[in-house]
Protein chains: 2
Amino acid sequence: MAAVSDLNAHTGYLLRMVSNAVSQEFAGKVAGDGVTVAEWAMLRSLYGSDGISPSALALKMGMTKGAISKLAERLAKKGLIERTGNPDDKRGHSLSLSSAGARKVPVLARLADNNDAAFFAVLSNQEQGHLRGILQVLIDRHGLSTMPVD
Amino acid sequence: MAAVSDLNAHTGYLLRMVSNAVSQEFAGKVAGDGVTVAEWAMLRSLYGSDGISPSALALKMGMTKGAISKLAERLAKKGLIERTGNPDDKRGHSLSLSSAGARKVPVLARLADNNDAAFFAVLSNQEQGHLRGILQVLIDRHGLSTMPVD
DNA sequence: GCGAATATGTTTCCTAGTCAACTATGATCG
DNA sequence: CGATCATAGTTGACTAGGAAACATATTCGC
């Protein structure tokens, strides 16, 4: 083996390549709807968790509260979500989908479904299952599922 | 099935979670050596391709030339690489490791090896092989290996 | 009940990358 | 040869996110 092993040899590196490719492809598809991948993720997270607080959402989405703050700002400006103050705790806010946002989610969800299906279609059903299983093991063992997505 | 399928259900989503986790862990480890993940990737790419042009490197690393330009700027400022003009074609430049940079690569390579091994150690050898195989299929079928890393 | 610790969001500064405009140089073709 | 076209690299405007400082607001301990 070489002293400096091939960068390609790292599984983490392969993972990053593939992950970037999926995301990038999806980014192109949702761009037509005027949203970014991160924005879609937030809209999706709000669907079903309406009225959640920014910090809870940060936990759920695996992002910092600063990032959520800015993301929410952008979505509010686009009229897709609404921010309201909490009367009980004046520090707290509530994030929820606007009606325009709520209408957009199913459309984007369909895009996401299609994108995923198309990208992984080059694998057999068995391989797809294998991949998902292995990823799930990694997620569990590394405690990555801090987010109770549903 | 729900009208809006679970975001967790998308394989691309799982992939992104795991990929981010590996990268982030590695980022923490190389931070002690004063470099970022992107900087390490460039140093590693230069090792063995000394004197490569910025645009060739962009192709190899799957980044835009603008990104390479800025990355090179940072590394040059840290004294880890050197930029020299090309006498034949006054447009072209050559990037190469400085001696300090060359000394740093093996150290970082060892860190990368360890990080990868540790992260995927929760999988059996067979599972690791499976994962790599599947990722390689995805990379091949989607034409992602534009980069002749070696 | 009042001071200290804690929680919530926002803001600022930084890294990181894309895209597109731009500059400078080189190549091609009439 | 010279106009046009192509290529190399840099730069600026922008999106995106993390880390930490910050301003409020709340709660806890005494």
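The structure under discussion appears in the preceding block.
Residues numbered from 1 in each chain as written. Chains lettered and ligands numbered in written order. Predicted model: local features only at pLDDT ≥ 70, side-chain atom pairs only at ≥ 80, totals over all residues. Heavy atoms only, no water.

**Student:** How should I be thinking about the packing of helix α1 (residues 11-31) of chain A against helix α6 (residues 125-141) of chain B in this particular structure?
**Tutor:** The axes of two packed helices give the description: the angle between them and the distance between them. Interhelical geometry of α1 of chain A versus α6 of chain B gives an angle of 35° and a closest axis separation of 10 Å. Between α1 of chain A and α6 of chain B the crossing geometry is left-handed. Counted together, T11, L14, L15, M17 and V18 of chain A of α1 of chain A and L131, R132, L135, Q136, L138 and I139 of chain B of α6 of chain B form the full contact between these two elements. For the contact of α1 of chain A with α6 of chain B, the class distribution of residues is eight nonpolar, two polar and one charged. (Axes fitted to C-alpha atoms, helices over the stretch in contact; angles between N-to-C directions. Helix = DSSP H or I, 4+ residues; strand = E, 2+ residues; numbered from the N terminus. Left-handed = near helix turned anticlockwise from the far one by under 90°. Contact = heavy atoms within 4.5 Å. Nonpolar A, V, L, I, M, F, W, Y, C, P; charged D, E, K, R; others polar.)

**Student:** Looking at this structure, how should I read the side chain of S49 of chain B?
**Tutor:** Positionally, S49 of chain B belongs in the loop between α2 (37-46) and α3 (54-61). A distance of 3.5 Å separates a polar atom in the side chain of S49 of chain B from the backbone oxygen of S45 of chain B. (Polar contact = N/O pair within 3.5 Å; in protein donor to acceptor, adjacent residues only side chain to side chain.)

**Student:** Teacher, can you tell me more about the protein's contact with DNA strand C here?
**Tutor:** Not every one of the 23 residues close to DNA strand C is listed here, only the nearest: S55 and K65 of chain A together with T36, T64 and K70 of chain B. Among the atoms of DNA strand C lying within 4 Å of the protein, the sugar-phosphate backbone contributes 62%. Within the side chain of S55 of chain A, an N or O atom sits 2.7 Å from a phosphate oxygen of DNA strand C. Side-chain polar atom of T36 of chain B to a phosphate oxygen of DNA strand C: 2.8 Å apart, as the coordinates give it. Mapped by element, the contributors of at least two residues to the surface near DNA strand C are α3 (54-61) and α4 (65-77) of chain A together with α2 and α4 (65-77) of chain B. Element by element, the count of residues in the surface near DNA strand C is highest for α4 of chain A, at four residues. (Near = heavy atom within 4 Å.)

**Student:** I keep staring at the pattern of salt bridges and nothing clicks. Help me out?
**Tutor:** Pairing between side chains of opposite charge can happen when the charged atoms of each approach one another. Residues and elements named next belong to chain A. By the definition in use, this model includes ten salt bridges over all chains. The partner of E73 in a salt bridge is K77, and the shortest N-O contact between them spans 3.9 Å. One end of the pair, E73, and the other, K77, are both in helix α4, four residues apart, so they sit about a helical turn from each other. Its relative accessible area of 35% is what places E73 among the partly exposed residues. (Salt bridge = Lys/Arg side-chain N within 4 Å of Asp/Glu carboxyl O. Buried < 20%, exposed > 50% of the residue type's maximum accessible area, 1.4 Å probe, protein only.)

**Student:** Mind showing me how you'd approach the environment of S55 of chain B here?
**Tutor:** Structurally, S55 of chain B can be placed in helix α3. Residue S55 of chain B is classed as partly exposed on the basis of its relative accessible area, which comes to 46%.

**Student:** I tried to follow the interface of chain A and chain B on my own but got confused; where do I start?
**Tutor:** Often, the extent of an interface is quoted as the loss of accessible area upon association of its parts. Counting residues at the interface gives 51 residues for chain A and 51 residues for chain B. Taken together, both faces of the contact between chain A and chain B bury some 5,100 Å²; the carbon and sulfur share is 72%. Summed over the shared surface of chain A and chain B, the number is zero salt bridges. Where chain A packs against chain B, one counts eleven residue pairs in polar contact (both at pLDDT 80 or more). Of all elements in the fold, only α1, α2 (37-46), α5 (99-119) and α6 (125-141) of chain A reach the threshold of two or more residues within the side of chain A that touches chain B. Looking at the side of chain A that touches chain B residue by residue, the classes come out as 30 nonpolar, eleven polar and ten charged. (Buried area = accessible area lost by both parts, 1.4 Å probe.)

**Student:** Looking at this structure, I do not really get the protein's contact with DNA strand D. What am I missing?
**Tutor:** Neighbouring DNA strand D are 23 residues; T36 and K70 of chain A together with S55, K65 and R91 of chain B lie closest to it. Counting only the atoms of DNA strand D within 4 Å of the protein, the fraction contributed by sugar and phosphate is 63%. The backbone of D88 of chain A places a nitrogen or oxygen atom 3.5 Å from a phosphate oxygen of DNA strand D. Top element by residues in the surface near DNA strand D is α4 of chain B. It accounts for four residues. Grouping the constituent residues of the surface near DNA strand D by class yields four nonpolar, eight polar and eleven charged.

**Student:** Help me out: how do you make sense of the relation of the copies chain A and chain B in this one?
**Tutor:** One copy of the chain maps onto the other through a rotation about an axis followed by a shift along the same axis. For the pair chain A and chain B, the superposition axis carries a translation of 0.1 Å, the fit reaches an RMSD of 0.1 Å, and the rotation angle comes to 180°. Read as a symmetry element, the transformation amounts to a two-fold axis. Take the interface residues of chain A: 100% of them recur as interface residues in chain B, which is what a same-surface contact looks like. (Least-squares fit on C-alpha atoms with pLDDT ≥ 70 in both.)

**Student:** Explain the packing of α1 of chain A against α5 of chain A to me, please; I cannot follow it from the model alone.
**Tutor:** All names here are of chain A. At their nearest, the axes of α1 and α5 sit 10 Å apart, and the two run at 140° to each other. Relative to α5, α1 is oriented oblique. Where α1 crosses over α5, the handedness of that crossing is right-handed. Across from V18, A21, V22, E25, F26, K29 and V30 in α1, the residues of α5 making contact are L108, L111, A112, N115 and F119. (Parallel < 35°, antiparallel > 145°, perpendicular 65-115°, else oblique.)

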